[in-house]
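Spelled out, the chains give:
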Amino acid sequence: MSEQLERIEKSSVNDMVIQKLIDEHLEEINNPWKLISGRRFNAELIDPPAFSRGIYVCNVPLGAIYVSDQLYNHLDSEELRYIVLHEICHILYNNSAANFLLEFGKSGFNLLLSKWTKLELESVEDILGGVKTIIKEFGYPGVEEQVKRNQELNADKYAVIWMGNKEPAISALTKLVQGKVEEISHITKYGRFEFPLLTIKERIQAIKQLKI
Ligand SMILES: [Zn+2]
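A brief report on the enclosed structure follows. As the structure is a computational prediction, the values presented were derived from the model and not from experiment.

## Brief notes about the overall build of the chain
Of regular secondary structure, the chain possesses 10 helices and six strands. The buried share among the 212 residues of the chain stands at 50%. Within the chain, contacts between residues at least 6 apart in sequence are counted, and of these 72% link residues at least 24 apart. When the accessible area of the chain is evaluated, it comes to approximately 10,800 Å², of which 54% is carbon and sulfur surface.

## Description of a negative patch on the surface
A cluster of acidic side chains, namely Glu120, Glu122, Glu125 and Asp126, defines a negative patch on the protein surface. By the element assignment, Glu122 lies in helix 7 (residues 121-133). Residue classification places Glu122 among the exposed residues on the basis of a relative accessible area of 63%.

## Here's the deal with the coordination of the zinc ion
Protein-derived coordination of the zinc ion comes from His86 (NE2), His90 (NE2), Glu152 (OE) and Glu152 (OE), at a distance range of 2.1 to 2.6 Å. Bound by four donor atoms, the zinc ion shows angles of 52 to 130° at the metal and therefore irregular coordination geometry. Between consecutive donor residues of the zinc ion, the sequence gaps follow H-x3-H-x61-E. Placement of His90 in helix 4 (residues 77-92) and of Glu152 in helix 8 (residues 145-163) is noted, with a sequence separation of 62 residues between them. For Glu152, a relative accessible area of 5% gives the class buried.

## Thoughts on helix 1 (residues 3-11)
When helix 1 is considered as a whole, its buried residues turn out to be Gln4, Leu5, Ile8 and Glu9. Along the long axis of helix 1, the arc covered by the buried residues comes to 130°, so they all point the same way. Turned more than 90 degrees from where helix 1 packs its buried face, Glu3 and Lys10 sit exposed.

## Structural notes on the packing of helix 9 (residues 167-176) against helix 10 (residues 200-209)
Where helix 9 meets helix 10, the axes come as close as 10 Å, and the angle between the chain directions of the two elements is 175°. In terms of their interaxial angle, helix 9 and helix 10 are classed as roughly antiparallel. Facing Ala169, Ile170, Leu173, Thr174 and Leu176 of helix 9, the residues of helix 10 in contact are Ile200, Arg203, Ile204, Ile207 and Lys208. Taken together, the residues of the contact of helix 9 with helix 10 break down into seven nonpolar, one polar and two charged.

## Considering the side chain of Asn31
Along the polypeptide, Asn31 turns up in the loop between helix 2 (16-28) and strand 2 (36-41). A polar contact of 3.1 Å, which involves the side chain of Asn31, links it to the backbone oxygen of Asn59.

## Remarks on the environment of Lys34
Among the secondary structure elements, Lys34 is positioned in the loop between helix 2 and strand 2. Taking relative accessible area as the criterion, Lys34 reaches 33% and is therefore assigned partly exposed. A C-alpha to C-alpha distance of 8.7 Å links Lys34 and Val60, two positions 26 residues apart in sequence. In this structure Lys34 touches Asp23, Leu26 and Glu27, once residues within four positions along its chain are discounted. At 3.3 Å, the side chain of Lys34 forms a polar contact with the side chain of Glu27.

## Regarding the packing of aromatic side chains
Scanning the entire structure with this criterion turns up four aromatic pairs. Here Phe51 and Tyr66 contribute two aromatic rings whose centre-to-centre distance is 4.6 Å and whose plane-to-plane angle is 10°, an arrangement assigned as stacked. A residue pair is termed long-range when its members are at least 10 positions apart, and Phe51 in strand 3 (residues 50-57) and Tyr66 in strand 4 (residues 60-68) qualify at 15 residues. According to the relative accessible area criterion, Phe51 is buried, its value standing at 5%. Ring centres 6.4 Å apart and planes at 50° place the aromatic pair Tyr158 and Trp162 in the tilted group. You can see Tyr158 and its partner Trp162 sitting in helix 8, four residues apart, about one turn around the helix. What links up through ring pairs into an aromatic cluster is the set Phe41, Phe51 and Tyr66.

Reading the values: rules and limits
Residues numbered from 1 in each chain as written. Predicted model: local features only at pLDDT ≥ 70, side-chain atom pairs only at ≥ 80, totals over all residues. Heavy atoms only, no water. Helix = DSSP H or I, 4+ residues; strand = E, 2+ residues; numbered from the N terminus. Buried < 20%, exposed > 50% of the residue type's maximum accessible area, 1.4 Å probe, protein only. Contact = heavy atoms within 4.5 Å. Areas by Shrake-Rupley, 256 points an atom, 1.4 Å probe, with all protein chains shown as cover. Patch = residues over 30% accessible without salt bridge, like charges linked within 9 Å, V, L, I, M, F, W, Y side chains within 5 Å. Salt bridge = Lys/Arg side-chain N within 4 Å of Asp/Glu carboxyl O. Lys, Arg positive; Asp, Glu negative; His and termini not counted. Charge placed at Lys NZ, Arg CZ, Asp CG, Glu CD. Donors = N, O, S within 2.8 Å, 3.2 Å for Na, K, Ca; no water. Tetrahedral: all angles 85-135°; square planar, octahedral: opposite > 155°, others 65-115°. Arc of directions from axis to C-beta. Axes fitted to C-alpha atoms, helices over the stretch in contact; angles between N-to-C directions. Parallel < 35°, antiparallel > 145°, perpendicular 65-115°, else oblique. Nonpolar A, V, L, I, M, F, W, Y, C, P; charged D, E, K, R; others polar. Polar contact = N/O pair within 3.5 Å; in protein donor to acceptor, adjacent residues only side chain to side chain. Phe/Tyr/Trp six-rings, centres within 6.5 Å; stacked < 30°, edge-to-face > 60°.

Take a look at the structure:
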C-alpha cells in the first residue's frame, strides 16, 4: 500500500451516513451483499476529496468508499449521495480493481478486508483466493488516458441516472473544486493520485447533456 493510502486508511473511520447511502443503493440494485465500507478521513492538501477502492467479483462488490471531512462538511445529503453513487459505479465496473489488489498487496490486506467487511479472516482468504484466479480479467493499472476519462464520465452518468436528478451532481462537482470548474479531477495510477485530462467543467457539461 502506498504511504499516502496507508495514512488515509489509518485516519479513516466508518461513517454511518455514508454507509447508509451505500447500503441503500446496494439494496436498490438488488445486491444482497453489504461489503463496501463507507469511510471518512481527514484530507491533506495532496489527497483527493473522495475516492474508492474495491473489486466486484461473482456479483459481490467488496471495498471501501472514502470521503474527506472537508468535502463531507460542504455537501448536502443529495450531493453526498451523488458522490457515493459515482464511487459505487467505479467499484461495480472494476475501474480500480487492479490498483486495489496491487496497492493493498500482501501485508495486512486480509486483516483490512476482514475489518471492513466484518467477515472472518478465513472467508476473506477464500474470497481473495477466488479473486486471484480471475485477476487477469481486471487488466492492469495505467490504462489509457481516454479510458480513464470515460470511466469518470461513466461514473457520473451512472450516479445521475440513478438519482434521476442532475442538480446534486453539478453542485457537488462545483463544490469539489470550490467554484474553480476549470480544475482537473483526480484519479489514481499505481497507487498515486494523478490528474486525468478531464476538467470538472467538462464533467458538468457531459452531465448537462445526459438524457434522464
Ligand atoms: Zn471517479
